[in-house]
Amino acid sequence: MSRSHLLGARTADAYRRDLRAGADLVAARLTGARGPFTGITPERLAPLVDAVDLDRPLGDTTAALAELEDVYLRDAVYFHHPRYLAHLNCPVALPAVLGEAVLSAVNSSLDTWDQSAGATLIERRLVDWTTARLGLGPGADGVFTGGGTQSNLHALLLAREEAALRTGADPADLRVLVSEAGHFSVAKAAKLLGLPRGSVVAVPCDERRRMRTRDLARALEDCRLAGRIPMAVAATAGTTDFGSIDPLPELADLCELYGAWLHVDAAYGCGLLASRTRRHLLGGIERADSVTVDFHKSFFQPVSSSAVLVRDGRTLRHATHHADYLNPAAAPFPNQVDKSLQTTRRFDALKLWLTLRVMGADAVGDLFDAVCDLAAAAWHLLDADPRFEVVCRPVLSTLVFRYTGTDPAPLPDALADEANTRARHALFASGAAAVAGTRVDGRAHLKFTLLNPETTLDDIAAVLDLLAGHAQDAVQDPAHVGEDLARTL
Ligand SMILES: *Cc1c(COP(=O)(O)O)cnc(C)c1O
């Protein structure tokens, strides 16, 4: 009976049983994982996935879960493992995981009051909670989004509309200024917003990878002299690679002077809002016109949980469209679709709500502080290690470094590039740990993104030894590239 698979009054027991079975399976993986990854290759995994006949259902939850074990769970990448040190993925807070289960079962949709009721009020409370922590003032508002990329797009849409209202400028004359260490989603947003090629101006950074105020002033002045409109300055509070925070007060002064919208991309740095020791690092963010926060990065929330916040809630009307069937202009109810780029929308706010109600913000902030402390300690380790060069001291929880070797002398740059890249791939293929890679000034580097308070300095030291070993192997036999490796290089 196909109806027995629909969640409803008659299936409450099956709901309890199925969720329990799924949780048991994941729990076994959590306790059993020896590394963050098994090292499986797409070539070995794809045949298993391809062999599943999607037109022949198993008809049975137990069998489907057993199959899922083979095609996904056994070889997934696990972020809770203390040696997962690669990207901005966090271990997730238990109350948030519970929230995820609740929100998908009730399946509220946040577009209109008549599809959400209390969910709309809860989201609004959390928006207010966030704008209060940001210090955006009494007129502030915002909305949850699917991620930082969407939040940045949304903020820049508002900036574009405000610039058009204020100046009547042709979109071709609009410019967005962002540091060279800013996130690529800013350029993507500019493209989606119909701004021309070259509309995003990359402002140089100082040696700590923060936007250089002097260069921003020059770029703004260049805009003015050329008759262009600086539609927005997109500051970054926590760059993805370096965790660096642009000098927000100075940027806010310049934005005021040139009439530019100040957007602060705090997708990563937003965890500081909960920190009891580092909140001051976000000083100046209260002067932003809009802010991106990714709770799914530094608030230990499952993907997705993100929001865009604005100083002047009225600017959110630029995303409003009144549909007769959904949210007519005279609707007496709070309809979040008036503020959102999405229509049907998940109740992601519930995860943060339960996290704050069970743990509280201080506990979240303490977790983020712990990984920032760990990064500071790991910097000393790296700085004292002659095998590696570290780019800059961390402000948040990332470290960008490069294997250079010492014996008999540091490697030539090109060979070091290859050694670093191959060491990263070999480590990932071994499954023992995962680190990220990036390029700095054109040279291949390695990156730790630390978001797991369970990671210890011993873990870091052990992973550095593994990386050095793999790098050394690559150097000693540069012609030998393993079969799996060759494809990924
Ligand atoms: C991760 C990140 C983004 C993009 O956020 P998503 O949630 O991945 O879409 C934007 N800006 C910065 C600084 C980021 O680190």
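Please read these numbers as outputs of a predicted model, since none were measured by experiment.

S.K.: Could you clarify how one ought to interpret the site of the ligand in this entry?
M.R.: Around the ligand sit 15 residues, and of these Gly148, Thr149, Asp265, Asp294 and Lys297 come closest. Asp265 places a side-chain nitrogen or oxygen 2.6 Å from a nitrogen atom of the ligand. Within the side chain of Asp294, an N or O atom sits 2.7 Å from an oxygen atom of the ligand. Coverage of the ligand by the protein chains reaches 86% of its 380 Å² of free accessible surface.

S.K.: I keep staring at the nonpolar core and nothing clicks. Help me out?
M.R.: Note that soluble globular proteins tend to have their nonpolar side chains buried in a common cluster. Grouped together as the largest cluster of nonpolar side chains are 88 residues, with contacts concentrated most on Val233, Val264, Phe401, Phe448 and Leu467. Among the elements that make up this core, the one with the highest residue count is helix H12 (residues 361-383) (ten residues). If you count residues domain by domain, this core takes at least three from each of domain 2 (108-355) and domain 3 (362-486). Not counting the four nearest positions on each side in its chain, Phe448 is found in contact with Leu85, Ser397, Thr398, Leu399, Phe401, Val435, Ile460, Val463, Leu464 and Leu467. By size, the runner-up hydrophobic cluster in this structure holds 22 residues, among which are Leu158, Ala189, Met231 and Trp261.

S.K.: What's the story with the environment of Glu389 in this structure? I'm lost.
M.R.: With respect to the secondary-structure elements, Glu389 resides in strand S9 (residues 388-390). For Glu389 and Phe401, which are twelve residues apart along the polypeptide, the C-alpha to C-alpha distance reads 5.5 Å. Ignoring anything within four residues of it in the chain, the contact list for Glu389 reads Val400, Phe401, Arg402 and Thr404.

S.K.: Sorry if this is basic, but what is going on with the packing of aromatic side chains here?
M.R.: The way to describe two aromatic rings as a pair is by their centre distance and the angle between their planes. Taken as a whole and assessed by the stated rule, the structure comprises ten aromatic pairs. Plain terms: the ring middles of Phe79 and Tyr84 are 4.7 Å apart, the flat faces sit at 55° to each other, and that makes the pair tilted. What makes Phe79 partly exposed here is its relative accessible area of 30%. By relative accessible area, Tyr84 is classed as buried at 6%. Relative to Phe299, the ring of Phe295 has its centre 5.0 Å away and its plane inclined at 90°; by these criteria the two rings are edge-to-face. We classify Phe295 as buried; its relative accessible area is 0%. Taking the relative accessible area as the measure of exposure, Phe299 reaches 0% and is therefore buried. Of the aromatic side chains, those joined through ring pairs into one cluster are Trp129, Phe144, Phe295 and Phe299. Over the ring of Phe242 we find Arg209, and its NZ or CZ is 5.1 Å from the ring centre. Sitting over the ring of Trp379, Arg393 keeps its end group 4.0 Å from the ring centre.

S.K.: Got a minute to help me understand the domain arrangement of the chain in this structure?
M.R.: Accessible area lost when the parts come together is the quantity often used to give the size of an interface. We note that the domain assignment places domain 1 (6-35 + 38-76), domain 2 (108-355) and domain 3 (362-486) within the chain. The distance between the C-alpha centroids of domain 1 and domain 2 comes to 37 Å.

S.K.: It is not clear to me how the sheet that holds strand S3 (residues 174-179) should be interpreted in this structure. Could you clarify?
M.R.: The strands making up a sheet associate through backbone hydrogen bonding, with each pair oriented either parallel or antiparallel. Spatial strand order, S2-S8-S7-S6-S5-S3-S4: seven strands in an open sheet with mixed pairing. Edge positions in the open sheet fall to strand S2 (141-145) and strand S4 (200-203), since each of these has one partner strand only. Pairwise comparison of adjacent strand axes, ignoring direction, gives a mean angle of 20° for this sheet. As paired strands, S2 and strand S8 (residues 306-310) are joined by five bridges and run antiparallel to one another. Bridge pairing in S8 links Gly142 to Leu309.

S.K.: Mind showing me how you'd approach the pattern of salt bridges here?
M.R.: Opposite charge on two side chains makes pairing possible when the charged atoms of those side chains draw close. Evaluation of the coordinates by the stated rule reveals 37 salt bridges. The shortest N-O distance in the salt bridge between Glu256 and Arg287 comes to 3.2 Å. Taken together, the positions of Glu256 in helix H9 (residues 248-258) and Arg287 in the loop between strand S6 (261-266) and strand S7 (290-294) put the pair 31 residues apart, joining distant regions of the chain. Residue classification places Glu256 among the exposed residues on the basis of a relative accessible area of 61%. Classification of Arg287 as partly exposed rests on a relative accessible area of 29%. Salt-bridge contacts for Lys351 lead to Asp348; the nearest nitrogen and oxygen are separated by 3.1 Å. Overall, the relative accessible area of 5% leaves Asp348 in the buried class. When salt bridges with common partners are traced through the structure, they connect Arg402, Asp413, Asp417, Arg439 and Arg443 into a single cluster.

S.K.: Is there a simple way to explain the pairing of S3 in this structure?
M.R.: As a general feature of sheets, a regular strand has side chains that alternate between the two faces. By the criterion of burial, S3 is predominantly enclosed, with six of the six residues buried. Residues of S3 alternate between two faces, with Leu174, Val176 and Val178 on one and Arg175, Leu177 and Ser179 on the opposite face, all of them buried. Here five bridges tie S3 to strand S5 (residues 229-236), and the two strands are oriented parallel to one another. Of the residues in S5, the one forming a bridge with Val178 is Ala234. Pairing of S3 with S4 involves four bridges; the strand directions are parallel.

S.K.: What should I look at first to understand H9 in this one?
M.R.: If you check which residues of H9 are buried, you get Leu248, Leu251, Ala252, Leu254 and Cys255. Buried residues along H9 cover an arc of 165° about the axis, so they all sit on one side. Facing away from the buried side of H9, by more than 90 degrees, are the exposed residues Glu256 and Leu257. Buried-residue contacts for H9 involve helix H8 (213-225), S5 and S6. Immediately beyond the C-terminal end of H9, within one or two residues, lies Gly259, with a positive phi of roughly 65°.

S.K.: Teacher, can you tell me more about the packing of H8 against H9 here?
M.R.: A packed helix pair is summarised by two numbers, namely the angle formed by the two axes and the spacing between the axes. For the pair H8 and H9, the least separation of the axes is 10 Å and the interaxial angle reads 15°. As summarised for this structure, H8 and H9 are arranged roughly parallel, according to the angle between their axes. Relative to H9, H8 is oriented so that their crossing is right-handed. In contact with Thr213, Leu216, Ala217, Leu220, Glu221 and Arg224 of H8, H9 contributes Glu250, Leu251, Leu254 and Tyr258. Of the residues belonging to the contact of H8 with H9, the class tally is six nonpolar, one polar and three charged.

S.K.: Can you help me understand the packing of H12 against helix H14 (residues 457-476) in this one?
M.R.: At a minimum axis distance of 10 Å, the contact between H12 and H14 shows a crossing angle of 40°. The angle between H12 and H14 places the two elements in the oblique class. Of the two elements, H12 crosses H14, and the hand of that crossing is right-handed. Here Leu374, Ala377, Ala378, Leu381 and Leu382 of H12 come into contact with H14, specifically with Leu457, Ile460, Ala461 and Leu464. When grouped by side-chain class, the residues that make up the contact of H12 with H14 number nine nonpolar, no polar and no charged.

Parameters at a glance
- Residues numbered from 1 in each chain as written.
- Predicted model: local features only at pLDDT ≥ 70, side-chain atom pairs only at ≥ 80, totals over all residues.
- Heavy atoms only, no water.
- Near = heavy atom within 4 Å.
- Polar contact = N/O pair within 3.5 Å; in protein donor to acceptor, adjacent residues only side chain to side chain.
- Areas by Shrake-Rupley, 256 points an atom, 1.4 Å probe, with all protein chains shown as cover.
- Core = buried A, V, L, I, M, F, W, Y, C linked by side-chain atoms within 4.5 Å.
- Buried < 20%, exposed > 50% of the residue type's maximum accessible area, 1.4 Å probe, protein only.
- Helix = DSSP H or I, 4+ residues; strand = E, 2+ residues; numbered from the N terminus.
- Domains from an automatic or database assignment.
- Contact = heavy atoms within 4.5 Å.
- Phe/Tyr/Trp six-rings, centres within 6.5 Å; stacked < 30°, edge-to-face > 60°.
- Lys NZ or Arg CZ within 6 Å of the ring centre and 35° of its normal.
- Pairing = 2+ DSSP bridges.
- Axes fitted to C-alpha atoms, helices over the stretch in contact; angles between N-to-C directions.
- Salt bridge = Lys/Arg side-chain N within 4 Å of Asp/Glu carboxyl O.
- Arc of directions from axis to C-beta.
- Parallel < 35°, antiparallel > 145°, perpendicular 65-115°, else oblique.
- Left-handed = near helix turned anticlockwise from the far one by under 90°.
- Nonpolar A, V, L, I, M, F, W, Y, C, P; charged D, E, K, R; others polar.

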